[in-house]
Amino acid sequence: MFWHMIIKTLARQKSKMLMIAFTVVLGVSLSTAMMNVMLGVGDKVNRELKVYGANITVRHKDAALMSDLYGLTEGLGVNDKFLYEEDVLKLKSIFWGFNILDFSPMLDGTAIMNIKGRAGVVGEVSLLGAWPEKHTILPTGEQLDTGLKSLRTWWEIEGEWLNEDDDNFVMLGKILASKNNIHVGDAITLTNNGVIKNFAVKGIFNDGGQADEKILMTLPAVQELMNLHGKVSSIEVSALTTPDNDLARKAAQDPRSLSPDEYETWYCTAYVSAICHQIQEVIRDGVAKPVRQVAESEGTILNKTTLLMVLITILSSIGSALAISNLITASVIERSQELGLLKALGAYNWQIALLVLVEVMITGLAGGVAGYFLGIGFAQIIGQTVFGSYIEIARMVILIVAVILFFVTLLGSIPAIRYLMALKPTEVLHGK
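Structure report, in brief. Everything numeric in this text was worked out from a predicted model, so none of it was measured.

Here we come to the overall build of the protein. Looking only at helices and strands, the protein features 14 helices and 14 strands. The 432 residues of the protein split such that 47% are buried. Considering only residue pairs separated by 6 or more positions, the protein has 75% of its internal contacts joining residues 24 or more positions apart. Here the protein displays about 22,000 Å² of accessible surface, and carbon together with sulfur accounts for 60% of that area.

All right, on to helix H7 (residues 246-253) then. Taken as a whole, H7 has its buried residues at Leu247, Ala248 and Ala251. Along the long axis of H7, the arc covered by the buried residues comes to 95 degrees, so they all point the same way. Structural note: H7 exposes Asp246 and Gln253 on the side pointing more than 90 degrees away from its buried face. Looking at the buried residues of H7, the elements they touch are helix H8 (260-267) and helix H9 (272-282). Measuring from the side-chain oxygen of the N-cap residue of H7 to the backbone nitrogen of Leu247 gives 3.2 Å; that N-cap residue is Asn245.

Per the counting criterion, the structure on display carries nine aromatic pairs. Ring centres of Phe95 and Trp96 lie 5.3 Å apart, and the angle between their planes is 85 degrees; on these two criteria the pair is classed as edge-to-face. For Phe95, a relative accessible area of 48% gives the class partly exposed. The ring centre of Phe169 lies 5.7 Å from the NZ or CZ of Lys202, which sits over that ring. Over the ring of Tyr84 we find Arg284; its NZ or CZ atom is 4.1 Å from the centre of that ring.

All right, on to H9 then. When you tally the buried positions in H9, you get nine out of 11 residues, the bulk of the element. Those residues of H9 lying buried are Val272, Ser273, Ala274, Ile275, Cys276, His277, Gln278, Ile279 and Val282.

Moving on, we get to the pattern of salt bridges. In this structure the tally under the stated criterion is 14 salt bridges. Residue Lys81 pairs with Asp62 through a salt bridge whose shortest N-O separation is 3.9 Å. Taken together, the positions of Lys81 in the loop between helix H3 (61-70) and strand S2 (83-84) and Asp62 in helix H3 put the pair 19 residues apart, joining distant regions of the chain. Looking at Lys81, the relative accessible area reads 27%, which means it is partly exposed. Of the charged contacts, one joins Glu164 and Lys134 as a salt bridge, the two residues approaching to 3.9 Å between their closest N and O atoms.

Quick look at the packing of H7 against H8 now. Contact pair H7 / H8: the axes reach a minimum separation of 10 Å and the direction vectors enclose 100 degrees. Of the possible angle classes, the one that applies to H7 and H8 is roughly perpendicular. Residues Leu247, Ala248, Lys250 and Ala251 of H7 pack against Glu262, Thr265 and Trp266 of H8. Each residue belonging to the contact of H7 with H8 can be placed in one class, and the counts come to four nonpolar, one polar and two charged.

What follows concerns the pairing of strand S9 (residues 187-192). Pairing geometry for strand S3 (residues 100-115) and S9, over four bridges, is antiparallel. Looking at S9, one finds that Ile112 is bridged to Thr191. Sheet topology note: the S9/strand S10 (residues 195-206) ladder contains six bridges and is antiparallel. Directly across from Asn192, in S10, lies its bridge partner Val195.

Now for the pairing of strand S6 (residues 143-146). Every second residue of S6 is oriented toward a common face, the buried set being Leu144 and Thr146 and the non-buried set Gln143 and Asp145. Both strand S5 (residues 134-137) and S6 contribute to a ladder of four bridges, which runs antiparallel. By the bridge assignment, His135 is partnered in S6 with Asp145. Where S5 folds back on S6, the antiparallel hairpin that results is connected by five residues, among which Gly141 adopts a positive phi of roughly 95 degrees.

So, how was this worked out
Residues numbered from 1 in each chain as written. Predicted model: local features only at pLDDT ≥ 70, side-chain atom pairs only at ≥ 80, totals over all residues. Heavy atoms only, no water. Helix = DSSP H or I, 4+ residues; strand = E, 2+ residues; numbered from the N terminus. Buried < 20%, exposed > 50% of the residue type's maximum accessible area, 1.4 Å probe, protein only. Contact = heavy atoms within 4.5 Å. Areas by Shrake-Rupley, 256 points an atom, 1.4 Å probe, with all protein chains shown as cover. Arc of directions from axis to C-beta. Polar contact = N/O pair within 3.5 Å; in protein donor to acceptor, adjacent residues only side chain to side chain. Phe/Tyr/Trp six-rings, centres within 6.5 Å; stacked < 30°, edge-to-face > 60°. Lys NZ or Arg CZ within 6 Å of the ring centre and 35° of its normal. Salt bridge = Lys/Arg side-chain N within 4 Å of Asp/Glu carboxyl O. Axes fitted to C-alpha atoms, helices over the stretch in contact; angles between N-to-C directions. Parallel < 35°, antiparallel > 145°, perpendicular 65-115°, else oblique. Nonpolar A, V, L, I, M, F, W, Y, C, P; charged D, E, K, R; others polar. Pairing = 2+ DSSP bridges.

Written out as structure tokens, the structure is:
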């Protein structure tokens, strides 16, 4: 009898039940989309932010100390301290190696520049050696493509980027090229400590910073000019990281202050401080430090993006609850004589309330299932539109959506239940 009454009510009140189901579909689809994007957006947001360059810099410990104490970036104690190029690929061997997306060793130097076909010496210029592009196969068999080209995606290039084997070509910063009226295709000569080499200008780059006054070369070319074979000044690293929390900030001060459990949690989480610590374990004499402006911006943007999606989910749930409340109350008022008759025949308030709740829950369940699959579609549209890739579906969202749906439906039913409790059969059966 109970289920017969529910089926009859659903059929008779189908327009209102469809409106309730439609409201649930909208709320659940938005919640599903936002939560799937929120749970899968971390790495994607970080990847989008990689256009701003490296977020970790590795330097020799003595050079890093001089920089910290005296703010020195050049001079004795800084330019004469080097890391080893052979250690660079060890970055991919750390625990969070898969989170390291791109990296390049850097070597600073100076040389005297002459422009072919022009009389006189231009003067001393700053050199920057790097891996423009680097393709290698790691001991694990993984093929790796990295280099400065991936770390400087914002550079405006006139001409072409250097290739991995372009040891006889250079790229000039825009300011240096403009001052000396150098164009793509021109030839220059660089001299240092008796080593003389000729180069062709393959491109001119606009960095927007100090690099615009430098000459970019392949790392072997600078190492040969400076007689520093196998040496590098620093390593720039771009890594996917997790926003810092209290544990990460505590570990950044001193990892030894952590308890064993805290240390394990910190070490096995992709905090920038944990990745820096692991880099120092494989780079001899190296000190890895986050580029705070980039690292903190990534965490701030990710936290704000997550907060925005949480707020949208909460507001959509509140809106669904209010809409459901109005629809259920309207339905109960319309059926007041029917429900009053049930009371007059001896039905208890809880029995009538259960009848209404089951009707709403069945309707909400149908709308929730449809809304969930629609929400998955919305999540993929967001992923393709914003990030250019699909959003991975999180199974835990099903449980979260089910809980939200239950409480939204329950809360939306409260005004109607209160109306039922106050319903007087004698009044409604007399049309009052």
